[in-house]
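Residue-level structural notes
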Amino acid sequence: MNERQDHPERVPGVNRRDFLIKAGAAGVLAVGVGQVTLESMPSGGGAPAGSAAAPAATHHGHGAGAGPGRVAEVALTRREPAAGTAAGIEAFRDPLPTPPVRTGRAADGVDQLSVRMRPATVRLHSQLPPSTVWGYDGVFPGPTIEARRGRPLRVTWINELSGVYPLPAVELPFDENADPYQWDRPGREGVQPRVDVAALPPWTSVHLHGAFSNGSSDGWAEDAVLPGNGQPAEYSNDQPATALWYHDHAMHITRWNVMSGLLGAYLIRDEEEDALRLPSGDREIPLIICDRNFDTDERGGLTGTVLHKTTVMRTDPLRQVRSFAGPYTLVNGIVWPHKDVRPRWYRFRMVNASNTRPYDVRLVTEEGQPVPPGTIFQIGTDSGLMPAPVDVRDGFGLAASERADILIDFGALAGTRPRLRNINYDPGPWPDFLEFRVGGGRERDDFRPPRVLSRSFERVTEASLRESHPELPERMVMVTPVGVGHAQQWEMARVDAPPGPFPIDGIVQVREKDGAVTTWQRRAWKWYDPVQFAVESGSWERWRFLNLDFSGWPHPMHIHVVAFQPLSRELYDIEGFQSIDLPGGGIGGGTAVPVAHQETVGIQPYEQGWKDVVNVGAGELVDVAAKFADVSGRFVYHCHMFEHEDMGMMRPFVVQPKEVLAIARAMEHETGHGH
């Protein structure tokens with residue numbers, strides 16, 4: 001296990017406090033947008049007398065950039081959240097709700113469904129005042145939509161939203177002496193909400209995350225609609241059984257629209273899944289997880305108003321804002337709920353719908369101990385069933401937008417109250433987010449996890465990929481440190497090494513695992529830079545993601561209309577990458593010496609399925625074998641931290657039939673550009 005990754009204290013210049021400060025750093029905003037001043041902050045910032053410290057954690061996982069296979073131990077020393085952090089709400093007071101289920105109705109030879117976006121008033125906890133949200137069909141989370149593989153579903157997403165924007169957004173200057181940190185406290189702390197966010201209209205674009213749909217139905221971020229309009233989409237559902245999720249994807253404002261409530265689950269069923277006879281009905285339960293914050297009144301009482309609260313970490317030389325993370329975890333729209341279960345097997349379809357926060361999930365007993373072996377298994381990843389169950393009693397990663405298909409046997413836990421706990425390095429002030437209340441006695445349950453889940457699954461390896469696709473297209477994407485600006489997403493092309501001297505802006509040299517040095521040149525990184533990646537419909541490609549930052553939460557990288565398998569996860573010494581002051585102003589970046597391979601981290605068993613999100617930690621180079629759907633259109637890939645996506649870590653690519661691309665390539669000398 002690599003010490004540099006496991007313990008940020010051992011990274012030069014990074015300790016646990018520095019990590020927590022930097023984790024999720026979102027970026028540079030235009031001067032004058034959402035400005036706040038030190039005078040608007042109350043003096044001091046410590047927790048009230050008598051409050052307990054947040055639970056201690058020893059990092060082994062996603063929190064500071066380690067590989068997702070390494071998780072943390074989080075001790076729980078109290079029954080309720082500490083005063084001054086998430087006080088005022090009783091944990092596990094309210095029952096877990098299950099979102100309503102909707103299916104299409106046959107009309108004109110195709111299943112059809114209309115979903116209406118409406119404002120709603122909901123109770124997110126029985127001890128909270130009502131909250132105003134936006135919801136699909138007026139509920140939060142939206143209804144779980146169920147479809148069958150190969151049976152198209154035509155959905156019209158109708159915007160019937162009205163009224164003022166339901167989510168106040170505040171930005172506080174960072175108080176380094178605050179204890180707990182500002183993001184772990186409710187309330188706006190005297191800062192007025194951003195007027196530009198308050199003025200936003202209900203402008204929405206719905207994306208079905210993980211779906212293999214043509215570009216016209218993918219929810220292009222700039223093709224958003226205003227109230228009174230509908231967004232038609234046709235989902236072919238031509239993919240294996242899995243759990244997808246739908247959410248808003250409007251350009252620049254996704255983080256606020258989703259936090260306002262625009263999200264829901266979408267399940268695809270097929271015959272392979274049916275044959276397994278997995279727990280179903282009231283024993284198959286979606287768990288849509290997200291963290292939130294709430295505003296407070298003049299007395300410090302929680303108002304129920306959902307609050308987007310971030311901190312301005314620094315303004316010189318560039319303005320840096322930490323991504324949103326909140327002290328309250330909601331499951332299916334309720335803060336810290338409980339679920340009554342019988343002592344039988346259950347199936348849970350888990351979605352991390354948070355803006356940024358990663359969850360390393362572990363099922364623990366009432367005493368905080370791991371459950372017995374054979375109690376909890378993962379059977380599916382983002383894009384379908386795994387080949388065989390994986391015992392995950394030690395925990396499994398769930399980065400932003402990742403999904404996990406989980407089986408739990410409560411038979412061995414009869415009469416107890418086990419909990420789901422976030423054992424991430426930065427779990428927030430209260431890591432336990434769902435309590436199960438298992439009935440006593442014994443019940444007959446003939447179900448056993450099948451030894452084989454997906455008989456159609458084939459594991460892709462480096463050797464099999466090279467043998468089947470010797471001329472495989474390769475895409476290199478690098479994520480830069482915040483010091484270059486905000487974290488940027490660079491599309492790179494392999495070039496001959498320039499004469500130097502180094503560093504040179506946009507030039508990154510990599511000493512690969514075999515010792516060879518490759519040179520890469522930045523070709524694009526801004527949203528409006530010309531498209532660089534053109535993909536053949538239905539083709540295989542290799543995509544490589546290299547994270548050049550040394551701290552902060554890993555980046556969950558998502559590619560639209562694709563399922564991929566992670567091939568390798570390698571750790572690199574990235575200290576050779578440096579920020580550069582550019583002539584005429586601005587900051588660039590490049591390598592003074594090549595970033596160099598250190599060791600193989602490996603792909604964890606619970607990652608070895610079909611996925612559409614991969615977590616890339618500090619200093620990691622992750623290769624994936626991507627199988628693109630047989631569709632066409634203009635799509636995007638991006639970091640799935642919503643703040644990062646909104647602030648420029650998103651790039652377009654096109655998918656076209658190979659015959660069309662052949663014509664385009666033949667004309668490159670005439671058009672003066674190509675892919």
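Residues numbered from 1 in each chain as written. Predicted model: local features only at pLDDT ≥ 70, side-chain atom pairs only at ≥ 80, totals over all residues. Heavy atoms only, no water.

1. Looking at the overall build of the chain
Along the chain, the regular secondary structure elements total nine helices and 45 strands. Looking at the chain as a whole, 61% of its 675 residues are labelled buried. Excluding contacts between residues fewer than 6 apart, the proportion of contacts in the chain whose partners are at least 24 apart in sequence is 79%. Of the roughly 24,800 Å² that the chain leaves accessible, carbon and sulfur atoms contribute 49%. (Helix = DSSP H or I, 4+ residues; strand = E, 2+ residues; numbered from the N terminus. Buried < 20%, exposed > 50% of the residue type's maximum accessible area, 1.4 Å probe, protein only. Contact = heavy atoms within 4.5 Å. Areas by Shrake-Rupley, 256 points an atom, 1.4 Å probe, with all protein chains shown as cover.)

2. Concerning the packing of aromatic side chains
As enumerated under the stated definition, the model contains 34 aromatic pairs in all. Summarising the aromatic geometry, the rings of F92 and W430 are spaced 6.5 Å apart at their centres and angled 45° between planes, so their arrangement reads as tilted. Taken together, the residues F92 in the loop between β3 (73-74) and β4 (101-102) and W430 in the loop between β29 (419-422) and β30 (432-438) connect sequence positions 338 residues apart. There is no split in this pair, since F92 and W430 are both buried. (Phe/Tyr/Trp six-rings, centres within 6.5 Å; stacked < 30°, edge-to-face > 60°.)

3. Describing the confidence of the model for the chain
With 86% of its residues at a pLDDT of at least 70, the chain reaches an overall mean of 88. Contacts from residues 1-14, a stretch scored under 50 in pLDDT, to residues over four places away or in other chains number 44 contacts. Across residues 28-79, confidence stays below pLDDT 50; counting only partners more than four residues off in sequence or on other chains, it has 160 contacts. (pLDDT = per-residue confidence, 0-100.)

4. A look at the sheet that holds β4
The five strands are arranged β4-β8-β14-β13-β11 in an open sheet whose pairing can be described as mixed. Of all the strands in the sheet, the pair left with one neighbour each is β4 and β11 (206-209). Direction of pairing for β11 relative to strand β13 (residues 242-248): antiparallel, over a ladder of four bridges. The partner of L208 across the bridge, within β13, is Y246. (Pairing = 2+ DSSP bridges.)

5. Some words on unusual backbone geometry
Going from D179 to P180, the amide bond is cis rather than trans, its omega being 5°. Relative to the elements of secondary structure, P180 occurs in the loop between β10 (169-173) and α3 (195-198). With omega at 5°, the peptide bond leading from F502 into P503 counts as cis. Looking at the element boundaries, P503 is found in the loop between β32 (489-495) and β33 (507-511). For E189, which is not glycine, the phi dihedral falls at a positive 55°. Of note, E189 is situated in the loop between β10 and α3. Positive phi values are uncommon outside glycine, yet H252 reaches one of about 75°. With respect to the helices, strands and loops of the structure, H252 is situated in the loop between β13 and α4 (254-259).

6. Structural notes on the pattern of salt bridges
The final tally for this structure, using the stated rule, is 53 salt bridges. With a shortest N-O distance of 2.9 Å, R102 and D137 are connected by a salt bridge. Residue R102 is located in strand β4, and its partner D137 is located in the loop between β7 (131-136) and β8 (142-148); the two are separated by 35 residues in the primary sequence. The class for R102 is partly exposed, based on a relative accessible area of 26%. (Salt bridge = Lys/Arg side-chain N within 4 Å of Asp/Glu carboxyl O.)

7. Observations regarding the environment of G609
For G609, the position within the fold is in the loop between β41 (595-600) and β42 (613-616). Expressed as a C-alpha distance, the spacing of G609 and T381, which sit 228 residues apart in the sequence, is 5.8 Å. Apart from the residues within four sequence positions on either side, G609 is in contact with T381, F457, F564, Q565 and P566.

8. A closer look at the sheet that holds strand β45 (residues 650-656)
Pairing in this open sheet of five strands is mixed, and the strands run β35-β45-β44-β37-β42 from one edge to the other. A strand with exactly one partner marks an edge of an open sheet, and here the two such strands are β35 (534-536) and β42. Along the sheet, successive strands turn relative to each other by an average axial angle of 25°, direction set aside. Across six bridges, strand β44 (residues 633-639) lies against β45 in antiparallel orientation. Bridge pairing links V636 to P652 in β45. (Axes fitted to C-alpha atoms, helices over the stretch in contact; angles between N-to-C directions.)

9. Comments concerning the side chain of H207
Position of H207 relative to the elements: it lies in strand β11. In this structure H207 comes out as buried when scored by relative accessible area, which is 1%. Sequence-distant contacts of H207, that is, excluding residues within four places in its chain, are made with D218, G219, W245, Y246, H247, H249, H558 and H560.

10. Here we look at the environment of N229
Structurally, N229 can be placed in the loop between β11 and β12 (230-235). Overall, N229 belongs to the partly exposed group, its relative accessible area being 38%. Placed 25 residues apart in sequence, N229 and T204 show a C-alpha to C-alpha distance of 10.0 Å. Ignoring any residue separated from it by four or fewer positions in sequence, one finds N229 in contact with W157, I158 and N159. A distance of 3.1 Å separates the side chain of N229 from the backbone oxygen of L226, its partner in a polar contact. (Polar contact = N/O pair within 3.5 Å; in protein donor to acceptor, adjacent residues only side chain to side chain.)

11. As for the pairing of strand β38 (residues 562-573)
Counting buried residues in β38 gives 11 out of 12 residues, a clear majority hidden from the surface. With nine bridges connecting them, β38 and strand β43 (residues 620-628) associate as antiparallel partners. Pairing of S568 across the sheet is with D623, part of β43. Sheet topology note: the β38/β41 ladder contains four bridges and is antiparallel. Its bridge partner lying in β41, Y572 is registered against H597.

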